[in-house]
Number of protein chains: 2
Amino acid sequence: MTTPEPAVLGVYETVLYARDVEATARFYAGPLGLRPLEASEKLGAVFRLDDGGVLLIFDPERASEPGRYVPEHGARGPGHIAFSVGAGALEAFAIEVEREISWGQGGRSLYVRDPAGNSVELIEGEAWPA
Amino acid sequence: MTTPEPAVLGVYETVLYARDVEATARFYAGPLGLRPLEASEKLGAVFRLDDGGVLLIFDPERASEPGRYVPEHGARGPGHIAFSVGAGALEAFAIEVEREISWGQGGRSLYVRDPAGNSVELIEGEAWPA
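Only a predicted model underlies this, so the values are computations on that prediction, with no experimental measurement involved.

Visitor: Explain the sheet that holds strand β6 (residues 99-102) of chain B to me, please; I cannot follow it from the model alone.
Guide: Each strand in a sheet pairs with another by means of backbone hydrogen bonds, the pair being arranged parallel or else antiparallel. An order of β2(A)-β3(A)-β4(A)-β1(A)-β5(B)-β8(B)-β7(B)-β6(B) is seen for the eight strands of this open sheet, with the pairing classed as mixed. Each edge of the sheet is formed by a strand with only one pairing partner; in this case those strands are β2 (35-37) of chain A together with β6 of chain B. In this sheet, neighbouring strand axes are inclined to one another by 25 degrees on average, regardless of whether the strands run parallel or antiparallel. In the sheet, strand β7 (residues 108-113) of chain B pairs with strand β8 (residues 119-124) of chain B via six bridges, with the strands oriented antiparallel. Bridged to Arg-113 of chain B within β8 of chain B is Ser-119 of chain B. Packing of helix α1 (residues 21-29) of chain A onto the sheet brings it into contact with β1 (8-17), β2, β3 (44-48) and β4 (54-58) of chain A, and relative to β3 of chain A it is tilted by some 15 degrees.

Visitor: Looking at this structure, I do not really get the sheet that holds strand β5 (residues 80-85) of chain A. What am I missing?
Guide: One open sheet holds the eight strands; their spatial order is β6(A)-β7(A)-β8(A)-β5(A)-β1(B)-β4(B)-β3(B)-β2(B), and the pairing between them is mixed. Of all the strands in the sheet, the pair left with one neighbour each is β6 (99-102) of chain A together with β2 (35-37) of chain B. Put simply, the sheet's adjacent strands are angled 25 degrees from each other on average, direction ignored. Sheet topology places strand β3 (residues 44-48) of chain B next to strand β4 (residues 54-58) of chain B; five bridges connect them, and they run antiparallel. By the bridge assignment, Val-46 of chain B is partnered in β4 of chain B with Leu-56 of chain B. In this fold helix α1 (residues 21-29) of chain B packs onto β1 (8-17), β2, β3 and β4 of chain B, with an angle of close to 15 degrees to the strand it touches most, β3 of chain B.

Visitor: Quick question: what am I supposed to make of the relation of the copies chain A and chain B here?
Guide: Mapping between the two chain copies consists of a rotation about an axis together with a translation along that axis. Mapping chain A onto chain B is achieved by rotating through 180 degrees and translating by 0.0 Å along the same axis, at an RMSD of 0.0 Å. The relationship between the two copies is best expressed as a two-fold rotation axis. The residues that chain A uses at the interface reappear at the interface of chain B in 100% of cases, marking a shared surface.

Conventions used here
- Residues numbered from 1 in each chain as written.
- Chains lettered and ligands numbered in written order.
- Predicted model: local features only at pLDDT ≥ 70, side-chain atom pairs only at ≥ 80, totals over all residues.
- Heavy atoms only, no water.
- Pairing = 2+ DSSP bridges.
- Helix = DSSP H or I, 4+ residues; strand = E, 2+ residues; numbered from the N terminus.
- Axes fitted to C-alpha atoms, helices over the stretch in contact; angles between N-to-C directions.
- Contact = heavy atoms within 4.5 Å.
- Least-squares fit on C-alpha atoms with pLDDT ≥ 70 in both.

Right under this line is the structure:
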């Protein structure tokens, strides 16, 4: 009998934490243009991305309470996420830029902060080897 | 003159934090079967996923030091990530399962913990509306 190899296809859910979920969600729905889903619980905000991935914004206090339906988690302090953007789109975001970096792999990144202090990178092209 | 609409295509980099980066990286390379890239710096571990996304494991102490090439970040406490897995692959992971959940959207998830305490979900199918 053979069993299938474990096969991770990709990241389905990425989580960022924010004490003020609503203010942070407005940043992702507004300047970043992400599409919010109506969350089934008041715990956080949920966004569906064009490639099928999901971004979750959670309040770490509430997400870390034991006895939730899902296993508890909840991190404090600034996290980091990078979003792929389409060719030519990098200049179109109306957000204050903290840093700009051009990568040896040919990509270019703008770094901004969300209202919770998370470091948000917008990248056109690649920063890492294949 | 028209400017292109801001167009976020998807999540490029997802970050998890671990004080012991090496032990945590062994979990993602081993039982989870992710493909490590040789990181250009000793700051953390880098994995390339089959869909082109990148998973980063960072030590929050080092990632939050000011004066890095990239803007600093670094969260403490258990984070969360969900990986999409191929059909039939869910049973093939040799990892202790903390919880199993079947979703109304038809998906099914196993929850495990990485060595740093992050809540790692392996999902076949969907947990969220389209």
